[in-house]
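Secondary and tertiary structure notes
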Amino acid sequence: MNDAKKLGIKDELKKFIINNYLLGAKNAKISDDDSFLEEGIIDSIGVIELTNHIQRTCGIKIHVAEIVPQNFDTLNNLEKYINRKLHSK
Amino acid sequence: MKLCKTCVLPSNFPHVVFDNEGVCSACRQFVGKKRLARIKAEYKRKFERVIKDTRSRHSYDLLMCYSGGKDSTYALSLLKRKYGLKILAFTFDNGFVPDRTYINIRNVVEKLGVDHIFFKPRFEVLKKIFNAALKRNLYSAKTLDRASPVCTSCMGMVKYSALKTAIEKDIPLIAFGWSPGQAPVTSSVLKIDPKMMKSMQAAIKPPLSKVAGKEIDGYFPPDSYYRKSANFPMFVHPLELFPYNEKKILAFIKGLGWKMPSGIDLNATNCLLNSLADEAHIAKYKFHPYAGEIAALVREGYMTRREGLAHLPVKKSAKVLSAVKKKLGI
Ligand SMILES: [Zn+2]
């Protein structure tokens, strides 16, 4: 899981989201509890790209039924969700 | 600015770096044609399972977002003839549909035997949106990789007005005619949680509201539509699960009475606004809004590099361009 291991899940995801979705925005930053759905940072294709990225870097299989705002809306929620998946593997 | 030696991505394309051999990072990270073919086969099986499970349970099996362009025409014929689905074709008229496209749509739906509806939003609303989108990016930076802000505006309204229609008519599937390269294959059969779908609306609706106010509310499902999770429509874009060859598609749809409209380019065979949107995108962001999509077609082997390069100059008709500008009040 390379970067995800080195940086920790949350920081790696933060890097991915900033690099891919906030590029060009001035002072691009995102807090751990910012809703990237409500703020319009990530659209439907973005969610799929993010899902693919997490599956690749964290080595987990994400079921479509799990792609819900409770799991995917903030960095904190994503981290909790991924940790749950990693521990249940 | 240089172009990737393998695909056609320019070196200034966002999120992409070039190595010493002049190959872009998208090509280096590409999973390979064999692996991609396996993923596509897996999604084709998923798609056929979904078709089997939903067929004949509703008055329509599927709502097809039908622009009248070459790809959605081909997708429509595939869904009708290969799968025998009961289809409602849905065309969002953005005010820049070429005259010939109306004839094409009529010919194709009559020949295939599918029901069809047009949805034409008031032009004064669209005019505000297109003018704003020609001047600045209204959406997240990432959307620029995929399309010009003008196209993203239109696509957003198409997607959500189609969703609204599908919910109202109790249609279980919504299909798009996206060619390979336009969206990840893993999104080709997609069941999205209604709450998630509602949240994702935030990427498109608030930016449009900022420009056009409450006028656009009618193009989006009201909140109550997202509360019911039973029978919430699924999204499919099946074209990339099948062999895709542009020349063969053009030859095939000719048999359905489809003719290339004049004054348009091959990247969008259904929209007169496209050349102006491309020009504005290139002037501002210095790369072609179709570069990512065309590069993917080349990388994945659907097009030769030479064919890809032929798609990238903006082919414009001065007559069309001036008519479009006049209509937008530019
Ligand atoms: Zn490349």
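Residues numbered from 1 in each chain as written. Chains lettered and ligands numbered in written order. Predicted model: local features only at pLDDT ≥ 70, side-chain atom pairs only at ≥ 80, totals over all residues. Heavy atoms only, no water.

**Considering the overall build of chain B**
- Within chain B, the secondary structure is distributed over 14 helices and six strands.
- The C-alpha atoms of chain B give 19 Å as radius of gyration, which agrees with the globular expectation for 330 residues (20 Å, within 12%).
- Summarising its shape, the C-alpha atoms of chain B cover approximately 55 × 50 × 40 Å along the three principal directions.
- For chain B, buried positions account for 58% of its 330 residues.
- For chain B, restricting intrachain contacts to residue pairs at least 6 apart in sequence, the fraction spanning at least 24 positions comes to 76%.
- For chain B, the centre of its 57 positive side-chain charges and the centre of its 27 negative side-chain charges are spaced 2 Å apart. (Helix = DSSP H or I, 4+ residues; strand = E, 2+ residues; numbered from the N terminus. Rg over C-alpha atoms; globule rule 2.2 N^0.38 Å. Buried < 20%, exposed > 50% of the residue type's maximum accessible area, 1.4 Å probe, protein only. Contact = heavy atoms within 4.5 Å. Lys, Arg positive; Asp, Glu negative; His and termini not counted. Charge placed at Lys NZ, Arg CZ, Asp CG, Glu CD.)

**Here we look at the pattern of salt bridges**
- Following the criterion strictly, the structure yields 14 salt bridges over all chains and no others.
- Of the charged contacts in the structure, one is a salt bridge between Lys10 of chain A and Glu79 of chain A, with a shortest N-O distance of 3.5 Å. Of the two residues, Lys10 of chain A is situated in helix H2 (residues 9-21) and Glu79 of chain A in helix H5 (residues 75-87); the sequence distance between them amounts to 69 residues.
- Asp19 of chain B serves as the salt-bridge partner of Arg28 of chain B, at 2.5 Å between the closest nitrogen and oxygen.
- On the basis of relative accessible area, Asp19 of chain B is assigned to the partly exposed category, the value being 26%.
- Overlapping salt bridges, with partners in common, bring together Lys10, Lys14, Asp32 and Glu79 of chain A in one network. (Salt bridge = Lys/Arg side-chain N within 4 Å of Asp/Glu carboxyl O.)

**Focus on the domain arrangement of chain B**
All names here are of chain B.
- Annotation of chain B at the domain level lists domain 1 (1-30) and domain 2 (36-328).
- Of note, the centres of domain 1 and domain 2, computed from C-alpha atoms alone, are 27 Å apart.
- Taken together, the contact between domain 1 and domain 2 spans 17 residues of the former and 17 residues of the latter.
- Summing both sides of the interface, domain 1 and domain 2 together bury roughly 1,300 Å²; the carbon and sulfur share of this comes to 71%.
- The largest contributions to the domain 1 side of the interface with domain 2 come from Val8, Phe13 and Phe30, which together make up 43% of the buried area.
- In this structure, the connection of domain 1 to domain 2 is made through zero salt bridges.
- Summed over the shared surface of domain 1 and domain 2, the number is five residue pairs in polar contact (both at pLDDT 80 or more). (Domains from an automatic or database assignment. Buried area = accessible area lost by both parts, 1.4 Å probe. Polar contact = N/O pair within 3.5 Å; in protein donor to acceptor, adjacent residues only side chain to side chain.)

**Details of the interface of chain B and chain A**
- Taken together, the 22 residues of chain B in the interface contact 24 residues of chain A.
- Across the chain B/chain A interface, buried area totals approximately 2,000 Å², and carbon plus sulfur atoms make up 63% of it.
- On the chain B side of the interface with chain A, the three residues burying the most area are Lys142, Arg146 and Met196 of chain B, jointly 25% of the side's total.
- Where chain B meets chain A, there are one salt bridge.
- The residue Arg146 of chain B makes a salt bridge to Glu49 of chain A at a minimum N-O spacing of 3.6 Å.
- At the surface where chain B touches chain A, the tally comes to two residue pairs in polar contact (both at pLDDT 80 or more).

**Regarding the sheet that holds strand S2 (residues 87-92) of chain B**
Residue and element names in this part refer to chain B.
- Strands sit in the order S3-S2-S1-S4-S6-S5 across an open sheet of six strands; the sheet is mixed. Each edge of the open sheet carries a strand with a single partner, namely strand S3 (115-119) and strand S5 (189-190).
- The sheet contact formed by strand S4 (residues 173-175) and strand S6 (residues 234-236) spans three bridges and is parallel. Across the sheet, Ile174 pairs through a bridge with Phe235, a residue of S6. (Pairing = 2+ DSSP bridges.)

**Topic: the nonpolar core**
- By size, the foremost hydrophobic cluster in this structure holds 80 residues, and its most contacted members are Ile17, Leu50 and Ile54 of chain A.
- Those residues within four positions of Ile17 of chain A in sequence are excluded, and the remaining contacts are Leu22, Ile30, Phe36, Ile41, Ile42, Leu50 and Leu75 of chain A. (Core = buried A, V, L, I, M, F, W, Y, C linked by side-chain atoms within 4.5 Å.)

**Let's talk about the confidence of the model for chain A**
- Taken as a whole, chain A shows an average pLDDT of 82; of its residues, 87% reach a score of 70 or greater.
- The spread of mean pLDDT over the elements of chain A runs between helix H1 (residues 2-7) of chain A, the lowest at 63, and H5 of chain A, the highest at 92. (pLDDT = per-residue confidence, 0-100.)

**Thoughts on the coordination of the zinc ion**
Residues and elements named next belong to chain B.
- For the zinc ion, every protein donor is listed as Cys4 (SG), Cys7 (SG), Cys24 (SG) and Cys27 (SG), and the spread of their distances is 2.3 Å.
- As a motif over one chain, the donors of the zinc ion read C-x2-C-x16-C-x2-C. Accessibility classification places Cys4 together with Cys7 in one group, the buried group. (Donors = N, O, S within 2.8 Å, 3.2 Å for Na, K, Ca; no water.)

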